[in-house]
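Listed below are the residues making up each chain.
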Amino acid sequence: MIIIRCRVSGTNITITGSGFDTSPENNIVKIGDVDCYTFEAKADGTEIQCTAGEGPRKIGYVTVRVIGKGFAPGKKLFIFLGRVTSFSPTIVSLGGGIFLDVNGEGFHEDVAVFVNDVPCEVIERTIRLARCILPALPAGVYNVKVDIGDGTQFVQLTNIQYDASTTPTITNISPTTEGAVGGSQLTITGSGFSDNGTLRIGDKELPDAVFTNTTITATLPSMSQGVKKSGCLLVPVMEQLSTGIHI
């Protein structure tokens, strides 16, 4: 059994040689440690076809083991390519806190994303997806750079735009002081809010918060005395806003 050559067409690989089993499932193909699932074998035992499983960017040897005959000599190299195909959204607000989804293939576990050389914290990763939380940046157009994890950096040619017109703003908070027992209604006014989100005072979430595009209302909780930072996470805008309330 000699593997003559390997041809790659998408994720399907054609392996030609001799002595292959005529039943596809009896030809076990691997690319490094990644399975290649055999789906076709010629009746004369000279060719098999398999679909490569997903793997991070790397170079691996193609090996074929025929059940009852053993391994075929003549290993060939196969390259799993890594690339960035798209990302979204492409227009975002200035304050950051928005999820950026970077799509592609061949991502490693240590994939890293940068916007204008500022790290975008990756919170979810697969071989095909890197999801990160965008940093705050001034208005402008910036490059998105992706290091897929093996030291190879890709610069996505499509740029991301930070746009002030999409950024939520707070114009007033009332009241700004409250007794330690709480109970007063807090009203935050502004623009560009979402109709859904989470509001916190200090480390306490206010579950009764009501969101509209221009106001956020909630009942202030009882808290220890001091200046508390308030913040709201708006969905789907995902913009983090914060200010201080004296208690």
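What counts and how
- Residues numbered from 1 in each chain as written.
- Predicted model: local features only at pLDDT ≥ 70, side-chain atom pairs only at ≥ 80, totals over all residues.
- Heavy atoms only, no water.
- Helix = DSSP H or I, 4+ residues; strand = E, 2+ residues; numbered from the N terminus.
- Buried < 20%, exposed > 50% of the residue type's maximum accessible area, 1.4 Å probe, protein only.
- Contact = heavy atoms within 4.5 Å.
- Areas by Shrake-Rupley, 256 points an atom, 1.4 Å probe, with all protein chains shown as cover.
- Disulfide = S-S within 2.5 Å.
- Salt bridge = Lys/Arg side-chain N within 4 Å of Asp/Glu carboxyl O.
- Pairing = 2+ DSSP bridges.
- Phe/Tyr/Trp six-rings, centres within 6.5 Å; stacked < 30°, edge-to-face > 60°.
- pLDDT = per-residue confidence, 0-100.

- The name given to the protein chain in an unreviewed UniProt entry is IPT/TIG domain-containing protein, with the source organism recorded as Mytilus edulis.

## Focus on the overall build of the protein chain
Consideration 1: A tally of helices and strands in the protein chain yields zero helices and 24 strands.
Consideration 2: Every one of the 247 residues in the protein chain was classed for burial, and the buried ones make up 38%.
Consideration 3: In the protein chain, the proportion of contacts linking residues at least 24 apart, taken out of those at least 6 apart, comes to 51%.
Consideration 4: As displayed, the protein chain offers around 12600 Å² of accessible surface, 51% of which is attributable to carbon and sulfur atoms.

## Quick notes on the state of the cysteines
Consideration 1: Applying the stated criterion to the full structure yields two disulfides.
Consideration 2: Covalently, Cys120 is tied to Cys132 through a disulfide, its sulfur atoms 2.1 Å apart. Across the disulfide from Cys120 to Cys132, rotation about the S-S bond amounts to roughly 90 degrees, and the bridge is consequently right-handed. With Cys120 in strand E13 (residues 118-125) and Cys132 in strand E14 (residues 129-133), the pair connects residues that are 12 residues apart, well separated along the chain.
Consideration 3: Judged by relative accessible area, Cys120 falls into the buried class, the value being 3%.
Consideration 4: Residue Cys132 is classed as buried on the basis of its relative accessible area of 0%.

## Quick notes on the pattern of salt bridges
Consideration 1: Taken as a whole and judged by the stated rule, the model has five salt bridges.
Consideration 2: Close ionic contact of Lys145 with Asp117 constitutes a salt bridge, the shortest N to O distance being 3.0 Å. A residue pair is termed long-range when its members are at least 10 positions apart, and Lys145 in strand E15 (residues 140-147) and Asp117 in the loop between strand E12 (112-115) and E13 qualify at 28 residues.
Consideration 3: The partner of Arg131 in a salt bridge is Glu124, and the shortest N-O contact between them spans 3.3 Å.
Consideration 4: Through salt bridges that share partners, Asp101, Glu124 and Arg131 make up one connected network.

## With respect to the pairing of strand E19 (residues 196-201)
Consideration 1: Both E19 and strand E20 (residues 204-205) contribute to a ladder of two bridges, which runs antiparallel. Within E20, the position partnered with Arg200 by the bridge is Glu205.
Consideration 2: Counted between consecutive antiparallel strands, the loop separating E19 from E20 contains two residues, among which Gly202 sits at a positive phi close to 60 degrees.

## Here we look at the pairing of strand E22 (residues 215-219)
Consideration 1: Judged by which residues are buried, E22 turns out to be one-sided: Ile216 and Ala218 face inward and are buried, whereas Thr215, Thr217 and Thr219, on the alternate face, are not.
Consideration 2: Where strand E18 (residues 185-191) and E22 come together, five bridges link them in antiparallel fashion. Bridge pairing links Thr187 to Thr217 in E22.
Consideration 3: Two elements, strand E21 (residues 210-211) and E22, share two bridges in a ladder whose sense is antiparallel. In the strand pairing of E22, Val210 is matched with Thr217.
Consideration 4: Between E21 and E22, which pair antiparallel in sequence order, lie three residues.

## Let's talk about the packing of aromatic side chains
Consideration 1: One pass over the structure, following the stated rule, counts one aromatic pair.
Consideration 2: Taking 5.6 Å as the distance between ring centres and 80 degrees as the angle between the ring planes, the aromatic pair formed by Tyr142 and Tyr162 counts as edge-to-face. In this pair, Tyr142 sits in strand E15 while Tyr162 sits in strand E16 (residues 153-162), placing the two residues 20 residues apart along the sequence. Tyr162 shares its class with Tyr142; the two are buried.

## So, the confidence of the model for the protein chain
Consideration 1: On average, residues of the protein chain score 80 in pLDDT, and 82% of them are at 70 or above.
Consideration 2: Confidence scores differ between elements of the protein chain, with strand E1 (residues 5-9) showing the lowest mean pLDDT of 43 and E13 the highest of 94.
Consideration 3: Counting interchain partners and residues more than four positions distant, the pLDDT-below-50 stretch residues 1-9 has 39 contacts.
Consideration 4: Scored below 50 in pLDDT, residues 232-247 shows 77 contacts in the model against residues more than four places distant or in partner chains.

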